[in-house]
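Summary of the model geometry
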Amino acid sequence: MEKETLTFWILGWFLLILSGVLETSNSSLVESLESTQGYDYSKYHSMDEIYRWMEDVKQGNPELVSSAVYGHTYEERNITLLKLGLENPEGREKKVIWVDCGIHAREWIAPAFCQWFVKEIVNSYKTNKKLEQMLQNLDIYVTPVINVDGYIFTWANDSTRLWRKSRSTPPPGSSCYGVDLNRNFNANWGTVGVSFDSCANTYCGKSPGSEPEAQAVMDFVGKMVNQTLCFLTIHSAGQLILLPYGHPEISAPNYDELVSVGEAAAAKMKKVHGMGYTVGTSPQILYPNSGSSRDWARLIGIPFSYTFELRDKGEFSHLLPEEQIQPACEEAYAGALSIITYVHEKTFNSGTLPNASVFGVAIMIWSSVMAVSLTTGVMV
């Protein structure tokens, strides 16, 4: 009887402890879901709402999400990122993926995508073993809005809605504010596809990195260049996947692989809602330009660098209606995930991959499952 009593006593304590563990786990999952599901991802949000959302996501997912202020705008507002990553169980050095949105103020679908991207990862990594493994090997840095001043200005009234540039004060002799931040990076700066007229939408500034927003990215990412595998910058519109370089006479050393990986991503994107995305350099499929963040990232040695130009192809352009936010973000997430998965597998699992088409066969099943789950749920 004493042995039986002891056995039942131990069993009772074991069940009690197990119940507590499950309750804690479930509570953590509920907090994680509440931090993302209480937010309307099918609407455009003001900067104050985005700041609050970032804080809520961080507080609801402390094991995955942290934040950092890595710069300030011309008007002294914080440029803030979310860092998504899990502890590596083997203590290995983690690599970095960079994702930024909102460098052009009027492209509201871009910040909407960065928020969607974070939501998808937060809500799926605990049940998706592949994603969990990737987050143990990678830290993903996500900036929802780089051009905070410009973004806030677009929310002022209808007359400012299509503002593109930053909000730095005019140079001497001019009355025109702002710089095109995506012409201000130190990559063939000022050579093609820019204007030196401060009133132009493509005004590249006084010098490379003259704008604090561009300099903040160059400083922060530049310090991590040896760890950074991929640089994704999200824009609209045109349904394009652009790769380096914007200068027509310069080609990336891994051009063929960049094209192959981009085409694989475009194929995944098309599977979601049937929308086609064209892959190539800017001079090939759009127009030449210089001083872009995409070109800068590749120039300093980040092997995979892309600009996503999200929906659409001209009907709404930068005024994409809110009913298109979800489908646009779903297809873009499939494309971003395809690229991130490729660079992860190349780095951590296979050492070398001859091309993206070979790799595509290996991840076809997983990507297809992700695409199915997603469906259920112009100047650039």
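Data block above holds the structure.
Residues numbered from 1 in each chain as written. Predicted model: local features only at pLDDT ≥ 70, side-chain atom pairs only at ≥ 80, totals over all residues. Heavy atoms only, no water.

**Observations concerning the overall build of the protein chain**
- A tally of regular secondary structure across the protein chain gives 11 helices and 8 strands.
- Going through the 380 residues of the protein chain one by one, you find that 56% of them count as buried.
- Looking at the protein chain as shown, the accessible area adds up to about 16100 Å², and 56% of this sits on carbon and sulfur atoms. (Helix = DSSP H or I, 4+ residues; strand = E, 2+ residues; numbered from the N terminus. Buried < 20%, exposed > 50% of the residue type's maximum accessible area, 1.4 Å probe, protein only. Areas by Shrake-Rupley, 256 points an atom, 1.4 Å probe, with all protein chains shown as cover.)

**Quick look at the packing of aromatic side chains**
- For the coordinates displayed, the defined rule picks out 20 aromatic pairs.
- Look at W98 and F231: their rings are 6.2 Å apart centre to centre, the planes differ by 15°, and that puts the pair in the stacked class. Linking W98 in strand β3 (residues 95-101) with F231 in strand β5 (residues 228-236), this pair joins segments that are 133 residues apart in sequence.
- Overall, the relative accessible area of 0% leaves W98 in the buried class.
- Take F231: its relative accessible area is 0%, and that puts it in the buried class.
- Judged by centre distance (5.7 Å) and plane angle (85°), the ring pair of W189 and F196 falls under edge-to-face.
- In this structure, K119 packs its charged tip against the face of Y41, placed 5.5 Å from the ring centre.
- Taking NZ or CZ as reference, R167 lies 4.8 Å from the ring centre of W163, over its face. (Phe/Tyr/Trp six-rings, centres within 6.5 Å; stacked < 30°, edge-to-face > 60°. Lys NZ or Arg CZ within 6 Å of the ring centre and 35° of its normal.)

**Overview of the sheet that holds β5**
- The sheet built from 8 strands is open, its strands ordered β1-β2-β4-β3-β5-β8-β6-β7 with mixed pairing. Whereas interior strands pair on both sides, the edge strands pair on one side only; in this sheet they are β1 (65-72) and β7 (278-281). For this sheet, the mean angle separating the axes of adjacent strands, direction not counted, is 20°.
- Bridge count between strand β2 (residues 78-84) and strand β4 (residues 138-143): 3 bridges; the pairing is antiparallel. Following the sheet pairing, L82 is matched in β4 by V142.
- Running at roughly 140° to β3, helix α3 (residues 109-124) makes contact with β1, β2, β3, β4, β5 and β8 (304-310) of the sheet. (Pairing = 2+ DSSP bridges. Axes fitted to C-alpha atoms, helices over the stretch in contact; angles between N-to-C directions. Contact = heavy atoms within 4.5 Å.)

**Overview of the pattern of salt bridges**
- Overall, the coordinates contain 16 salt bridges when judged by the stated rule.
- We note a salt bridge from R77 to D149, for which the minimum N-O separation is 2.8 Å. On the criterion of sequence distance, the pair formed by R77 in the loop between β1 and β2 and D149 in helix α5 (residues 148-154) is long-range, its members being 72 residues apart.
- We note a salt bridge from K83 to D139, for which the minimum N-O separation is 3.8 Å. Residue K83 is found in strand β2, and its partner D139 is found in strand β4; the two are separated by 56 residues along the sequence.
- Classification of K83 by relative accessible area gives partly exposed; the value is 26%. (Salt bridge = Lys/Arg side-chain N within 4 Å of Asp/Glu carboxyl O.)

**A few points about the pairing of strand β6 (residues 240-243)**
- Burial along β6 is two-sided: L240 and L242 and I241 and L243, pointing in opposite directions, are all buried.
- Note: β6 against β7, 4 bridges, orientation parallel. Paired with L242 across the bridge in β7 is G280.
- Inspection of the sheet shows β6 paired to β8 by 3 bridges, in the antiparallel sense. The residue of β8 that forms the bridge with I241 is F308.

**Considering the nonpolar core**
- Among the nonpolar cores identified, the biggest contains 70 residues, and F113, F117 and Y306 are the most heavily contacted of them.
- Looking at this core element by element, the count peaks at 12 residues for helix α10 (residues 325-348).
- Ignoring sequence-local partners within four residues, the contact set of F117 consists of L84, V99, I140, V142, Y333, A336 and I340.
- Counting residues in each nonpolar core, the second largest holds 22 residues, with Y70, W98, Y141 and V225 among its members. (Core = buried A, V, L, I, M, F, W, Y, C linked by side-chain atoms within 4.5 Å.)

Remember, this is a structural readout, not a statement about activity or role.
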